[in-house]
Amino acid sequence: MASEEPVADVREGGTWTPRQRLKNDVVYVLVRALLAFALLLPRRALRAVCRALGFVAYVVLPRTRRIVAARLEAGLGSSNVRAQSVFTTVAAMLADTLDLLRPGERAGAMLSLDPSSRRVFAEALAEGRGVVFVAAHLGPWERMAALLVEEGFPVATVARESYDPRFTELYERLRRPRGVRSLYRGRRGVALSIARELARGRAVGFLVDVPARVPSVTRRLFGSDVLVPIGPARIALARRAAVVVGTCAPATSGSNAAGSSLPIVQISRVPLDDLGPDSCAEDVLMTRITAELERRIAAWPEAWLGSFVPLGRPAALRGALDPH
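Residues numbered from 1 in each chain as written. Predicted model: local features only at pLDDT ≥ 70, side-chain atom pairs only at ≥ 80, totals over all residues. Heavy atoms only, no water.

(A) Local environment of the side chain of Thr-247. Mapping Thr-247 onto the fold places it in strand β8 (residues 242-249). On the basis of relative accessibility, which here comes to 1%, the residue Thr-247 falls in the buried class. Looking at Thr-247, its side chain comes within polar contact range of the side chain of Arg-296, at 2.7 Å. Excluding its chain neighbours within four sequence positions, the residues that come into contact with Thr-247 are Ala-136, Leu-138, Met-144, Ile-264, Val-265, Gln-266, Leu-293 and Arg-296. (Helix = DSSP H or I, 4+ residues; strand = E, 2+ residues; numbered from the N terminus. Buried < 20%, exposed > 50% of the residue type's maximum accessible area, 1.4 Å probe, protein only. Polar contact = N/O pair within 3.5 Å; in protein donor to acceptor, adjacent residues only side chain to side chain. Contact = heavy atoms within 4.5 Å.)

(B) Seen up close, helix α5 (residues 115-126). Taking 1.5 Å as the rise per residue, α5 with 12 residues should run 16 Å; its terminal C-alpha atoms sit 17 Å apart, in good agreement. Here α5 has its buried residues at Ser-117, Phe-121, Ala-124 and Leu-125. One side of α5 carries all its buried residues, which in axial view fall inside an arc of 100 degrees. With respect to the buried face of α5, the exposed residues turned more than 90 degrees away are Pro-115, Arg-119, Glu-123 and Ala-126. (Expected span 1.5 Å × (residues − 1). Arc of directions from axis to C-beta.)

(C) View of the sheet that holds strand β3 (residues 155-159). Here we have seven strands laid out as an open sheet, ordered β1-β9-β8-β2-β5-β3-β4, and mixed in their pairing. The sheet terminates laterally at β1 (112-113) and β4 (181-184), the two strands that pair on one side only. Relative to strand β5 (residues 203-207), β3 runs parallel, the two sharing three bridges. The residue of β5 that forms the bridge with Ala-156 is Val-204. Against the sheet, α5 engages β1, β2 (131-135), β3, β5, β8 and β9 (264-270), with an angle of about 45 degrees to β9. Contacts from helix α6 (residues 141-150) reach β1, β2, β3, β5, β8 and β9 within the one sheet, and its direction differs from that of β8 by about 120 degrees. (Pairing = 2+ DSSP bridges. Axes fitted to C-alpha atoms, helices over the stretch in contact; angles between N-to-C directions.)

(D) Layout of the packing of aromatic side chains. Tallying each qualifying case throughout the model produces eight aromatic pairs. When the ring of Phe-222 is compared with that of Trp-304, the centres are 5.5 Å apart and the planes differ by 80 degrees; the resulting orientation is edge-to-face. Of this pair, Phe-222 sits in the loop between β6 (216-221) and β7 (224-229) while Trp-304 sits in the loop between α10 (279-299) and α11 (314-321); the two residues are 82 residues apart in sequence, bridging distant segments of the chain. Accessibility assignment for this pair places Phe-222 and Trp-304 in one class, buried. (Phe/Tyr/Trp six-rings, centres within 6.5 Å; stacked < 30°, edge-to-face > 60°.)

(E) Representation of the packing of helix α3 (residues 62-76) against helix α4 (residues 83-99) in the model. Two elements in contact, α3 and α4, have axes separated by 9 Å at closest approach and are oriented at 105 degrees. What the angle tells us is that α3 and α4 run roughly perpendicular. In contact with Thr-64, Arg-65, Val-68, Ala-69 and Leu-72 of α3, α4 contributes Ala-83, Val-86 and Phe-87. For the contact of α3 with α4, the per-class residue count stands at six nonpolar, one polar and one charged. (Parallel < 35°, antiparallel > 145°, perpendicular 65-115°, else oblique. Nonpolar A, V, L, I, M, F, W, Y, C, P; charged D, E, K, R; others polar.)

(F) A look at a nonpolar patch on the surface. A cluster of nonpolar side chains, Phe-55, Val-56, Val-59, Val-60 and Leu-61, forms an exposed patch at the surface whose accessible area comes to about 410 Å². For Phe-55, the location among the structural elements is in helix α2 (residues 43-60). (Patch = residues over 30% accessible without salt bridge, like charges linked within 9 Å, V, L, I, M, F, W, Y side chains within 5 Å. Areas by Shrake-Rupley, 256 points an atom, 1.4 Å probe, with all protein chains shown as cover. Salt bridge = Lys/Arg side-chain N within 4 Å of Asp/Glu carboxyl O.)

As structure tokens, this is what we get:
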């Protein structure tokens, strides 16, 4: 009988080979050096550099360019949105995330919470059963969590650890000082941690717009069949927790003191009072969630990170993504 291959993923209890360790050490040192340089730049300069890098990536990565163009065509059909704008806008979102590492940076300096959304979120939390907060990689999503905490809302997020624990610690540098608690799904007891957060009447955030190695179902999202994690729907129905969809959106009116329009956070409630705890209810709730996410993505497609995920065949991927 052939011996099993060694597990190289430290998230699964494996170890790196000497070659992998050397490669990962080089990558880590390079990233830390680039981060140090980036944070020396003023905000506008950093944004300009990142947008320029996004344009360079657009030029030199033809396969990725075709993937983004295909996603835009699937989601929008004929549209004035170009693949190039996705590259540069997402690169600008990277600059925004890096800004959160600056001492004294306020989350509200570059993002605001829509007043009606604040009301919706506060009312959902006031019910006392916790809130399942469904989000997407749309706009400055890292800043969104920080802003909600800054506004006084109790928020934790479910996240995937990096392949390199040192990068996971970098993630924590973004979130922990701002009061955003990360619940890493590869760690023992994460399900209990989620249940405790909800039992205490807090919000737990889930990013569900790109495939993950968790139980998933096929849904139509931005013109394509994709695998969407079903966990948030199951948890909400089992605990009868409130469900909201919260994402960033381009500003539609108003401006900051400098005269520049800022993106906003929009939060809407997803009804589930008419649903029971059975699997049919899960399907209905998932359809409602993805329909709302699709509407949000279609309103700001150039700022969606999911545009870089290739169009695939969900049925063929399910075995790899669903451990059951």
